Amino acid sequence: MNFQNELNPQQYKVVTTIEGPVLVLAGAGSGKTRSVIYRTAYLINKKKVNPWNIFVVTFTNKAARELKDRLENTFGISAQSLWIGTFHSVCTRILRYEEKSLPFNSNFSIYDESDQKSVIKKVYTKLDIDPKKFPPGKVREIISRQKNSLILPKDFFDFNETNYFSETVYKIYKAYQDFLSVNNALDFDDLLMYTAILFHDNEKIRKKYEKKFHYVMIDEYQDTNYAQFKIINLIAKNHQNLCVVGDDDQAIYSWRGANIRNILNFEDDYKSVVKIKLEQNYRSPKSFLDAANSLIRNNTERHEKVLWTDITSPEKPELIKLENENKEAEYVAREISQLQSLGKSLNECVVLYRTNAQSRVFENAFSLQKIRYQIVGGVNFYQRKEVKDILAYLKVLVNPQDEESFLRIINVPSRGIGKMTIDKISAFKLENNSTYFDAIQKKNPHLSGKQERSITELASKLKKWKVDSENLPVTVLTKNIIEEFDFIDYYEKSKDPKDISRSENIKEFIAAIEEFSENYENDTGEQPILIDFLQQISLQTDLDNVNEDEEAVKLMTMHNAKGLEFDNVYIVGVEDGLLPHSRSVDTLHNLEEERRLLYVAITRAKKSVKLCYTRHRRYFDTVLTSLPSRFLLEIDEQYLKKEDNLEFQAPRSKTGKHPKNIVLESQKYFNIGQKIKHDKFGNGVILDVSGSGNDAKLTISFSNGKLKKIIGTFVKPV
DNA sequence: TTAAGTATGCTTTTT
DNA sequence: GCATACTTAA
């Protein structure tokens, strides 16, 4: 394999600069992934580095799998002993392995967002907290942010100011962590946080991984958060053999704690860094890049770089104005239908939108036109109710401490166990100081005859399956459970049409677990145990389930499109309020992230890109007038194509500026914990809200210490 | 006490 | 337009 011939000079430099820190600033479509693959292959094949000593972190599981496949197919490298995966999956592996040094055992459950909210709600009843004043979703976000910044409950007030709101959040955070600990459960953020803490506090273990991971590569570095930065820093700060690849112009995850500073200030942390820019794009025609460049130039938080290309094509990004979202969907469906009749593959078409809710009208339009489509994202397959129910059974068997999952299945399928019965079992559990799983195995004097019968029946089934879970293959066990309760039959016989798809999903779930088992056996030569399956799918995204062989148009959010490319790209809903999203226009930082989102979307395209916006759009039950996105004004006109009969007239206010706020009053609402500014009283935090929009009555704690009640119209979000 | 039936409130983006 | 939270019937 001749590395030099197959790479451009910059890529070659990335691949061959092995020792010391390397920062690769790689523009969209510049062969970033290719460089990472070749670099890995170069280390192994040319430099004879043991694969065991290489650590590669990718952004998605899909990217990890592709990387492994290509190493095997193109370079004949067995990826078995290579550590390639997402931060979350790699951390899970480390935490399971190091259980002796950790406060939980390796059978831990992984809680997703809805599990987290449910735990928070449980904590509220215990602490007597009003969910209206402390919305569980908001509090979950705050807790998540603490964890991503490695702030434990005990450190909470070192980093947060002390007021009524923060003190309550602190109490919730602490009780929430206690609950997880009792349940032997970790949430997504814990996976990162505990790994970082483990490396930080345990020098022996840190040294072990430092030695093991002698060469470290991180893809999509712009989207790493502090916890992730710390994990890598603890491994790589001594040997400095760290290669990070990223594009600050594609940083779109700051809301998840990603810190763009990690890439902008890389040189501060790793002094002798070799900085390499990949600016040649191999994907898009010149006009697409010119348009994207003229857009992204408006950002202030960025490394200067300009993408260029050799690809010439008369094609320009095209601006399309539609009457409403239905017309928009019809237009896209018609266009794709046409491409299809020209013999183009549906797999090369993608619809990109800002919010998942926008997908519905496209589903309708595509069904009508008989175009096969596949939605990526939205509700994850493994989060669907019927699938989660079965998963909860499996989780309980692996981790009997998992109350969350236990309570989920105690009356699924319906076996006459309601709130009162559960309360009795809870009381009995407390008396015995045991888990639910063990509590129902014993004779419970509180229960009536009928209640006791259904509980003991469940108890004996679980007991049997618990034994099975250690002996039977995971596929057999899962099928047994599904058959025992006739889940498929139940949904097939249901009158509710939605339930048909539920039975389909259960069948698909069985297929998924079979596929997992086969792959696992192929990869490792061993039978998987249940926990392997559970932990893997807990970290699976919808992107990982995309069926590449199926001929279908993909529909996804712009976030999900990162790293992908398509011939024909339809970017829809390019309107103010949607892109930039009305919730992200408050700060320059947020606005710039929205701009990057459009930048990412445009740079996915290889052959054509359409930017669609509508005049009217339906939100819930009202039709709003919408305006083209302010970003469309920033794209240099000469690089755009506009339909002749549709003169693009950007609405401008008298001052010549684009109206800042198309956010209509009906959309303007306040949340508890939100930071606001008042002309006279200055900055403050909202403690209580009643009503919405301008009429909302707000209770605000101002930073001068005053508590005031104020009407929504007088304050602005900060 | 539970299960079915009805009202309500919420939608940014995801590992 | 959907899922969750409350209300009412059995």
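Up top you'll find the structure we're talking about.
Described in the following lines is the structure provided in the data block. As the structure is a computational prediction, the values presented were derived from the model and not from experiment.

1. Notes on the sheet that holds strand 2 (residues 54-58)
As summarised here, the arrangement of the six strands in space is 3-2-6-7-1-8, forming an open sheet in which the pairing is parallel. The sheet is open, and its two edges are formed by strand 3 (83-86) and strand 8 (274-278), each paired on a single side. In this sheet, neighbouring strand axes are inclined to one another by 15 degrees on average, regardless of whether the strands run parallel or antiparallel. Running at roughly 140 degrees to strand 8, helix 1 (residues 9-16) makes contact with strand 1 (22-26) and strand 8 of the sheet.

2. Concerning the pattern of salt bridges
For the structure on display, the rule yields 51 salt bridges. Two residues, Asp249 and Arg302, come together in a salt bridge whose shortest N-O distance is 2.8 Å. Taken together, the positions of Asp249 in the loop between strand 7 (242-246) and helix 12 (261-264) and Arg302 in the loop between helix 14 (286-296) and strand 10 (308-309) put the pair 53 residues apart, joining distant regions of the chain. Arg302 matches Asp249 in its accessibility class, with the two residues each being buried. The partner of Glu318 in a salt bridge is Lys641, and the shortest N-O contact between them spans 3.8 Å.

3. Quick notes on the protein's contact with DNA strand C
Near DNA strand C the following residues occur: Lys121, Arg360, Lys498 and Phe620. In the interface set of DNA strand C, defined as its atoms within 4 Å of the protein, sugar plus phosphate atoms amount to 92%. One of the side-chain N or O atoms of Arg360 is found 2.9 Å from a sugar or linking oxygen in DNA strand C.

4. A look at the packing of aromatic side chains
The relation between two aromatic rings is expressed through the spacing of the ring centres and the mutual angle of the planes. Tallied over the entire structure, the rule returns 33 aromatic pairs. Aromatic pair Trp465 and Phe485: ring centres 5.7 Å apart, planes at 80 degrees, arrangement edge-to-face. Taken together, the residues span a long stretch of sequence, with Trp465 in helix 21 (residues 449-471) and Phe485 in the loop between helix 22 (474-484) and helix 23 (487-493) at a distance of 20 residues. By relative accessible area, which is 11% here, Phe485 ends up buried. An aromatic cluster is built from Phe381, Tyr382, Phe509, Phe516, Tyr520 and Phe533, whose rings are joined through pairwise contacts. Positioned above the aromatic ring of Trp52, the side-chain terminus of Lys212 is 3.1 Å from the ring centre.

5. Observations concerning the pairing of strand 3
Pairing of strand 2 with strand 3, which is carried by four bridges, proceeds in the parallel orientation. Note on strand 3: the bridge partner recorded for Phe55 is Trp83.

6. Re unusual backbone geometry
Looking along the chain, the bond that leaves Leu579 and enters Pro580 is cis, with omega of 5 degrees. Within the secondary structure layout, Pro580 lies in the loop between strand 15 (566-571) and helix 26 (588-602). Of note, the phi angle at Asn433 is positive, near 50 degrees, even though the residue is not glycine. Within the secondary structure layout, Asn433 lies in the loop between helix 19 (419-432) and helix 20 (436-439).

7. Details of the protein's contact with DNA strand B
Around DNA strand B there are 26 residues in total, and Arg354, Gly418, Thr421, Thr541 and Arg583 lie nearest to it. Close to the protein, within 4 Å, the atoms of DNA strand B belong to sugar or phosphate groups at a rate of 53%. Between DNA strand B and Arg256 there is a distance of 3.4 Å, counted from a sugar or linking oxygen to a side-chain nitrogen or oxygen. Thr541 places a side-chain nitrogen or oxygen 3.4 Å from a phosphate oxygen of DNA strand B. Considering every element that reaches the surface near DNA strand B, the biggest residue donor is helix 19, with three residues. Here the surface near DNA strand B is composed, by residue class, of seven nonpolar, 14 polar and five charged.

8. Structural notes on helix 2 (residues 32-46)
In a regular helix each residue adds 1.5 Å, so 15 residues correspond to 21 Å; helix 2 covers 20 Å between its end C-alpha atoms and thus fits that length. Here helix 2 lies mainly inside the structure; eleven of its 15 residues are buried. For helix 2, the complete set of buried residues consists of Lys32, Ser35, Val36, Ile37, Tyr38, Arg39, Thr40, Ala41, Tyr42, Leu43 and Ile44. Following helix 2 by one or two positions, Lys48 adopts a phi angle in the positive range, close to 55 degrees.

9. Details of the environment of Arg384
Take Arg384: it is sitting in the loop between strand 13 (373-375) and helix 17 (385-398). Distance in space between the C-alpha atoms of Arg384 and Leu632 is 37 Å, their sequence separation being 248 residues. Discounting chain neighbours no more than four positions away, the residues touching Arg384 are Val379 and Asn505.

10. Details of the sheet that holds strand 12 (residues 349-353)
Strands sit in the order 13-14-12-15-16-11-19 across an open sheet of seven strands; the sheet is parallel. Here the strands that pair on one side only, and so sit at the sheet edges, are strand 13 and strand 19 (641-642). Examined bridge by bridge, strand 13 and strand 14 (residues 553-557) share three bridges and lie parallel to one another. Bridge pairing links Gln374 to Lys554 in strand 14. Each of strand 12, strand 13 and strand 14 is contacted by helix 16 (residues 359-368), which is oriented at about 160 degrees to strand 13, the strand it contacts most.

So, how was this worked out
Residues numbered from 1 in each chain as written. Chains lettered and ligands numbered in written order. Predicted model: local features only at pLDDT ≥ 70, side-chain atom pairs only at ≥ 80, totals over all residues. Heavy atoms only, no water. Pairing = 2+ DSSP bridges. Helix = DSSP H or I, 4+ residues; strand = E, 2+ residues; numbered from the N terminus. Axes fitted to C-alpha atoms, helices over the stretch in contact; angles between N-to-C directions. Contact = heavy atoms within 4.5 Å. Salt bridge = Lys/Arg side-chain N within 4 Å of Asp/Glu carboxyl O. Buried < 20%, exposed > 50% of the residue type's maximum accessible area, 1.4 Å probe, protein only. Near = heavy atom within 4 Å. Polar contact = N/O pair within 3.5 Å; in protein donor to acceptor, adjacent residues only side chain to side chain. Phe/Tyr/Trp six-rings, centres within 6.5 Å; stacked < 30°, edge-to-face > 60°. Lys NZ or Arg CZ within 6 Å of the ring centre and 35° of its normal. Nonpolar A, V, L, I, M, F, W, Y, C, P; charged D, E, K, R; others polar. Expected span 1.5 Å × (residues − 1).

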